[in-house]
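# Descriptive analysis of the structure
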Amino acid sequence: MPVIAWAAAAACLSGAATLLLTPGMIKAAYTFDWVDYPQADRWHATPTALMGGVAMYGAGALALLLLGPLAGVGTDVGLIGGGATLLFAVGMVDDLWGVGPTTKLAAQVGAAVLLMAAGHGFGPEWPLWASAPVTLVWVIGITNAVNLLDNMDGLAAGIGGIAAVALTAFAAAGGALPAALLGGTVGGAALGFLWFNAKPARIFMGDCGSLVLGYGVAALAVMGQGAVAAGPGVAVLAPICALAVPILDTTLVTVARTQAGRPVTNGGQDHTSHRLVTLGLSESAAVGTLHGMSAVAGGVGLTALVVEPTLFYAACAFGTVALGVIGGSLGRLDVYRAARVGGDGAPSESTSPSSNAQSGQGRWQTVAAYLVGDGLLIGGALAVAHALVGSGGMAGAPYVPIVEGVLLVGAIQLVVLYAMGLYRRLWRHAGTPGIARIVGTILLAQAATAGGLALVYGLGAVSAPLLMVDGVILTLGVLGSRLGLRGLQRGASLYRSRAAPAESTSNVLLYGTGERGMLALRALRDAEETDRVPVGFVDPDPSKKNQVVQGLPVFGGAGACADLCREHDIDEVIVAVGDAAADREQEVARQCAEVGVACRLFDVQMKPLGAGREDSTHGEPMHGPPA
């Protein structure tokens, strides 16, 4: 039977068994009080059944016991199953009575040793002295990463299942039967459990489930490395891609807690999922976003099967920079001051960039992060450009060593980027001037690259088409890395404006689409407020009706304010048209008073500041009657 058929059979059997066993575990959990009650450092707000990992483990064990001997992989899978059993036992004891971190670590070391005893180590061609410690660190790291990721309904089960599917496909493509059989079992159990664990969760997997799931995908990533014959490093990088989200989450939490002076081992609502909610997404949208990121990362790993190694390396470089931008952007949010409330679990107050996190990061660290990111972008852009343009130029000149040439190009371009001030600017609020500076800097960098290559290797090493394509790709990459945070903020704001508002939010209608209106919209979005959601504009210019400005529709003119407030359930109108339209301001205020909607004036003033000066009431907001 084909390898993929064995994987499909294992997935179907494991998934069906999980669907059958989990309802019984829910009843047993409430019978024996195996219930996870809400706590200050936990996300859920209602008591929820625990021990879902028992059903997952039982279903997986059943599938392996039935199919393993038939497939002839009993020994390999048996040793790895022994590691999973060890972690299941320790996790179950931890769920019921609690165990210390030393006990968990010892169990994870034992599971990693059993994986290596089965003949699987990190780096299929590495010597044992290098492979063994890396395998140990990998298994411990990924097992804990998935365990930490189990912080929202459906998150760990979904990401674990998606990673297992990608890793199983990679293993099956190389004919690795043990890995494919194990992958089908792990993926089926995780996705079957997701039916009961998705929001609102009826049961949690607990440590007895998350530790086994983490160990399963960690083992799959190691077993799959020897499945496909590929270029240097491809066999190692491809399986790692499937676990990019757990790696990102663990790295973000570790760095943020260290910078904030908090113990890394303590729990908290500071994971990637929590930060996405703080940014404005609902809990379901945050989980769905991370599921999508995991699927994309797994897809990038699978491209190693169909593209040449150079393009795969480029995809990994771009993906690493993208994850760095996302992690850096989310890391700015001060989630430690956000207090959770009921409902969807959204924070009760908006948060601002954390001064603690920023104070822990010196300028040299910021520059170093930019240099690493830009180095990856430069290498990736050059690889893609060479693949698109073909031979010729630097790569086509036989007298130019490829590694030496790439290092020279990278050094020249990084020097130009640094000299032009791209590492001294605050890009969170960058606009058109910042974009123009990036484009001009890349053009200058390409010119300097051409000059450097010609000076060192002669004119034959310079290819105009190669440098042109490289410049376009590099420009897009640098723009994305610098404007990524602003894009996340805009995307979250647009989501909030289109999603059904929660009880704690106010629908805002902006009057005026001119410069002051854009400034008011930007102030609302940049403040990351979750209690005011802009839903659209009105403008006295009738020609602007039905247009879209900054992602928001222009509903109509000033005379329609009252009707629009009723139609779109508006709670507040913000007038931002300037001093030249005082009569219009009064008309808008009158219409707001007519329908009982608050009306405020957006104004920007510079006032003298003196010691002991009392606050002036000039320019205070205008209010309609209480809504």
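Throughout, residues of each chain are indexed from 1 in the direction in which the sequence is written. Per-residue local features are limited, in this predicted model, to residues with pLDDT of at least 70; the limit for side-chain atom pairs, both in listing and counting, is 80 or more; totals at the level of whole chains, interfaces and linings are taken over all residues. No hydrogens and no water enter the side-chain calculation; it runs on all heavy atoms of the structure.

### A few points about the overall build of the protein chain
Where we set the bar: Numbering of helices and strands runs from the N terminus; a helix is a DSSP stretch of H or I covering at least four residues, while a strand is a stretch of E covering at least two. In this scheme, a residue with accessible area under 20% of its type's maximum is buried, one over 50% is exposed, and one in between is partly exposed, where area comes from a 1.4 Å probe on protein chains only. Any two residues having at least one pair of non-hydrogen atoms within 4.5 Å are treated as being in contact. Computed by Shrake-Rupley with a 1.4 Å probe, the accessible areas treat only the displayed protein chains as cover when residues are assessed.
Looking only at helices and strands, the protein chain has 22 helices and eight strands in total. Expressed as a percentage of the 627 residues in the protein chain, the buried residues total 49%. Of the contacts formed within the protein chain by residues at least 6 apart in sequence, a portion of 75% connects residues at least 24 apart. Carbon and sulfur atoms make up 65% of the accessible area of the protein chain, which totals about 27300 Å².

### Topic: the packing of helix H4 (residues 101–117) against helix H8 (residues 207–223)
Note the threshold: Axis definition: a line fitted to C-alpha atoms, over the contacting stretch in the case of helices. Angles run 0 to 180 degrees between N-to-C directions. By convention the crossing between two helices is left-handed if the near helix lies anticlockwise of the far one by an angle smaller than a right angle, and right-handed if it lies clockwise. Each residue gets one of three labels, nonpolar for Ala, Val, Leu, Ile, Met, Phe, Trp, Tyr, Cys and Pro, charged for Asp, Glu, Lys and Arg, and polar for the others, Gly among them.
Put simply, H4 and H8 touch, their axes get as near as 11 Å, and they point 35° apart. The element H4 and its partner H8 pack so that their crossing is right-handed. Contacts from Lys104, Gln108, Ala111, Ala112 and Leu115 in H4 reach Asp207, Leu211, Tyr215, Ala219, Val222 and Met223 in H8. Of the residues belonging to the contact of H4 with H8, the class tally is eight nonpolar, one polar and two charged.

### So, the environment of Val222
Here Val222 lies in helix H8. The class for Val222 is buried, based on a relative accessible area of 3%. Spatially, the C-alpha atoms of Val222 and Ala235 are 9.5 Å apart, while their sequence positions differ by 13 residues. The contact partners of Val222, leaving out residues within four places of it in the chain, are Leu115, His120, Gly121, Phe122 and Trp138.

### A look at helix H6 (residues 155–173)
Selection rule: Helices are assigned an expected span. That span is 1.5 Å times one less than the residue count.
Here H6 contains 19 residues, and its C-alpha end-to-end distance of 27 Å stays within 8% of the 27 Å for a straight helix at 1.5 Å per residue. Burial analysis of H6 places 15 of its 19 residues in the buried class, the great majority of the element. Following H6 by one or two positions, Gly175 adopts a phi angle in the positive range, close to 75°.

### A closer look at helix H1 (residues 3–31)
The following threshold applies: Fitting axes to the seven residues that end at a residue and to the seven that start at it, the angle between those axes gives the bend at that residue.
Taking 1.5 Å per residue as the helical rise, H1 with its 29 residues ought to reach 42 Å, and the 42 Å between its terminal C-alpha atoms agrees with that figure. At Leu21, H1 is bent by approximately 30°, the largest bend along its length, and proline Pro23 sits one to four residues beyond. Of the residues trailing H1, Asp33 is marked for its positive phi of about 60°.

### Regarding the packing of aromatic side chains
Here is the rule: Here a Phe, Tyr or Trp ring, Trp counted by its six-membered ring, pairs with any other such ring whose centre lies within 6.5 Å, and the pair is stacked when the planes are under 30 degrees apart, edge-to-face when over 60, and tilted otherwise.
Counted under the stated rule, the structure contains seven aromatic pairs. With 4.2 Å between their ring centres and 5° between their planes, Tyr57 and Phe88 make a pair best called stacked. In this pair, Tyr57 sits in helix H2 (residues 52–71) while Phe88 sits in helix H3 (residues 74–96), placing the two residues 31 residues apart along the sequence. Judged by centre distance (5.8 Å) and plane angle (55°), the rings of Tyr418 and Tyr423 are tilted. Residue classification places Tyr418 among the partly exposed residues on the basis of a relative accessible area of 39%.

### So, the environment of Pro2
The residue Pro2 is located in the segment before H1 in this model. For the pair formed by Pro2 and Leu177, sequence separation is 175 residues and the distance between their alpha carbons is 8.9 Å.

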